[in-house]
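Structural features, examined
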Amino acid sequence: MSIDSKNADPVALVITPAGTEPSFASGLVWLVNPRLALGLIILAVMGLGSFLLPIFAPADPSIQATYMRNLPMSGAHWLGTNALGQDIFWFLVFAVRNSLQLGILVAVGVTIVATIVGLSAGYIGGTFERLVMLIVDTFITIPLLPILIILGALIRGNTSFFTVGVIIIIFGWAWDARTVRSMALSLREREFINMARFSGANTVDVLVREIFPYVSAYILVGFINTVLFAINTEATLAVIGLSKVEVPTLGSIIFWALSYNALFTGQYPWIVAPIVATVTLFLGLFLTSTGFNQAFAAKRGVS
Amino acid sequence: MGVIAFVAKRFGLYLAVLFIGLTITFMLPRLMPINPVDGYIGQIQSRANGTLTPEAIEEMRANLEVLYGLKGDIFTQYLSYLKRVVIDFDFGPSFTYYPAEVSTMITTALPWTLGLLLTATIIAWLLGNMVGLVAGYFHKKRAASILEFVGILLYPIPYYIMAVTVLLLLAYIFPIFPLSPTFPVGEITWPKVGMIIYNSLLPAITLVLAGFGWNILSMKALAVATTEEPYVVYARLKGASNWTRMTRYVFRNALLPQVTALALSLGMIFNGALLTEIIFSYPGIGLIMRTAATGGDYNVLYGAITLSILAVATAGLVIDLIYPLLDPRIRHK
């Protein structure tokens, strides 16, 4: 029995028993558990929605006074408009898209830096490793938010959304570097690595064929967690008004709602909609990352 | 490795963290294209309607540079910065509240932050670990997965969302708590203490809820793993009750990694506390930072961040030094 991997939805994959013929889909069945499936569905809906819908947007939602102010929910404005004359629904769609974009950008940067630092520390060892780990531990220990507040105060207004991402990369790589390094340490001692060495594989071969498949699972989980961290950090800065608040993000929408006292004026959609969107997105990311973790652990037989 | 070597190594890390942290704080503003002195002069200029003469501005610039430690080459600045911060704990005057000393402003705010943060963290840690222990020990039962579900639901919610939601639910829809809190100043009397506690409950609830989920999840994972250990099976065969096994055998052993994890996540918890203070206008370090950031009051900002690094690093040190007392294996070596 073979499954059409393109049309099968993740839930169906869970309940479909794996066939005897090793098709692509049955090769992936081990990967899917309910937690991962739910997480991926949430991410797919929110990801596709926020990246495709903006094509149909009637106007750029970040421009103020496009519509009448404080309109209630209606067919034309699904979530009404806010005190700045922006359509809340479209602002939210753009916010989810921008936040996801930033999250992915930062996660790519962090993964690259963390992998280089972690692997080199783990493999070179000695004084170099101790020095690197001292710096890593310092970056982990130093509370990030105060530093970001200072940076935000210094570059306020004169920065691009991209710079905010770069700053988050500079201060966010340490945790992942620590994980990668401990993986490198444990891999260095494994028999199968030595086996490959003795069989005549060169360093690149060992890295690509033996180590990467083993490490990729962790890197994927770390990647998703970093997306979560980056979105959260930018939103935190935006909520207190120190990011680029003109750009719609999950944080800036709450910044505007709070500074225009949406709670006092009873504009529930303005404040409730971003809360629901953020919680759903974060739950989706979290379920995906722990779901992958579970699946990989189950495959290795250590669940 | 003996206890002394352990303490020495940990203390070395502590000093290194402080040194690197202070250096970053020193370098950051100097790498920026913006000079705070220019900003101050601009502000004073606009208050004086541009009537200042160039000579007066020059003199003011020289005064401000001495006042804010910007005189001399970068190495001299760095040495005098370290001396001022480490030895004198002096950050100069505040710009917005001139001539108030930054160190006094910070020491007034510190007890507020510490009180809120310590209470909330301890409650969240204890509660989360207990729930996680039950969820992990009985992980084969259906009811336990509900407990874990609570953790999964709470954990990914960021602090700011938690704060706004708590505010929305408990101050607006169910008006149990005040929407904008009032904190009395001056001498502390008993009625004032009650008022402070009442007004601090919302930020405290936020911090507890936000810290709770993570503790449940990580304690649950640890407890599941520990329950499978041979010594727990042995205890069961020996006839130890469920309660004894859960508390004396599983909890004692699963607790240790949790202590280390707490030390490592202190920075994150501290970030959350700062943010919560800002959203609830709670008069701690976070609010001071927020006000200073908006007003361009850099001395206050540097004072607050230096203190933050010091506080988080010291708390981590204390937790790590308590660790051997909890782990007999290290203690007896």
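Note that the coordinates shown come from a computational prediction; the quantities given were computed from them, not determined experimentally. (Residues numbered from 1 in each chain as written. Chains lettered and ligands numbered in written order. Predicted model: local features only at pLDDT ≥ 70, side-chain atom pairs only at ≥ 80, totals over all residues. Heavy atoms only, no water.)

A word on the packing of aromatic side chains
All names here are of chain A. Across all of its chains, the model carries 14 aromatic pairs over all chains by this definition. Summarising the aromatic geometry, the rings of Phe255 and Trp256 are spaced 5.1 Å apart at their centres and angled 70 degrees between planes, so their arrangement reads as edge-to-face. Each member of the pair, Phe255 together with Trp256, is buried. By the ring-pair criterion, three or more aromatic residues cluster together here, those being Phe255, Trp256, Tyr260 and Trp270. (Phe/Tyr/Trp six-rings, centres within 6.5 Å; stacked < 30°, edge-to-face > 60°. Buried < 20%, exposed > 50% of the residue type's maximum accessible area, 1.4 Å probe, protein only.)

Structural notes on the interface of chain B and chain A
It is common to report an interface's size as the accessible area lost on association of the parts. Between chain B and chain A, the contact holds 47 residues from the first and 48 residues from the second. Across the chain B/chain A interface, buried area totals approximately 4300 Å², and carbon plus sulfur atoms make up 84% of it. The interface formed by chain B and chain A includes one salt bridge. Of all the elements in the fold, those that place two or more residues in the side of chain B that touches chain A are α1 (3-31), α6 (142-154), α7 (159-173), α10 (242-280), α11 (285-295) and α12 (298-326) of chain B. Looking at the side of chain B that touches chain A element by element, the count peaks at nine residues for α10 of chain B. Grouping the amino acids of the side of chain B that touches chain A by side-chain chemistry returns 39 nonpolar, six polar and two charged. (Contact = heavy atoms within 4.5 Å. Buried area = accessible area lost by both parts, 1.4 Å probe. Salt bridge = Lys/Arg side-chain N within 4 Å of Asp/Glu carboxyl O. Helix = DSSP H or I, 4+ residues; strand = E, 2+ residues; numbered from the N terminus. Nonpolar A, V, L, I, M, F, W, Y, C, P; charged D, E, K, R; others polar.)

Examining the UniProt feature "transmembrane region" (unreviewed entry) in chain A
Residues and elements named next belong to chain A. UniProt records the feature "transmembrane region" (unreviewed entry) at residues 36-57, 78-96, 102-124, 131-155, 161-180, 211-231, 237-258 and 270-292, using the numbering of this structure. Along residues 36-57 the backbone is 77% helical and 0% strand, and the end-to-end C-alpha distance reaches 31 Å. Each end of residues 78-96 is marked by a C-alpha atom, and these two atoms are 16 Å apart; helix forms 47% of the span and strand 0%. (UniProt positions renumbered as here; feature names shortened; annotations may be inferred.)

Thoughts on the side chain of Thr115 of chain A
Residues and elements named next belong to chain A. With respect to the secondary-structure elements, Thr115 resides in helix α4 (residues 88-124). Note on Thr115: relative accessible area 19%, which makes it buried. In this structure the side chain of Thr115 is engaged in a polar contact, spanning 2.4 Å, whose partner is the backbone oxygen of Thr111. Not counting residues within four places of it along the chain, the set of residues in contact with Thr115 comprises Ser120, Val180 and Ile219. (Polar contact = N/O pair within 3.5 Å; in protein donor to acceptor, adjacent residues only side chain to side chain.)

Thoughts on a nonpolar patch on the surface
The grouping of Tyr268, Val272 and Val276 of chain A together with Leu169, Ile173, Phe174 and Ile176 of chain B at the surface amounts to a nonpolar patch, some 600 Å² of accessible area in total. With three residues, helix α12 (residues 268-300) of chain A is the single largest residue contributor to the nonpolar patch. The class of Leu169 of chain B is partly exposed, set by a relative accessible area of 38%. (Patch = residues over 30% accessible without salt bridge, like charges linked within 9 Å, V, L, I, M, F, W, Y side chains within 5 Å. Areas by Shrake-Rupley, 256 points an atom, 1.4 Å probe, with all protein chains shown as cover.)

Re the packing of helix α7 (residues 161-172) of chain A against helix α10 (residues 203-239) of chain A
All names here are of chain A. Following both chains from N to C, one finds α7 and α10 inclined at 120 degrees, their axes separated by 10 Å at the closest point. For the element pair α7 / α10, the angle class is oblique. The element α7 and its partner α10 pack so that their crossing is right-handed. In contact with Phe161, Val164, Ile168 and Gly172 of α7, α10 contributes Phe229, Ala230, Thr233 and Glu234. (Axes fitted to C-alpha atoms, helices over the stretch in contact; angles between N-to-C directions. Parallel < 35°, antiparallel > 145°, perpendicular 65-115°, else oblique. Left-handed = near helix turned anticlockwise from the far one by under 90°.)

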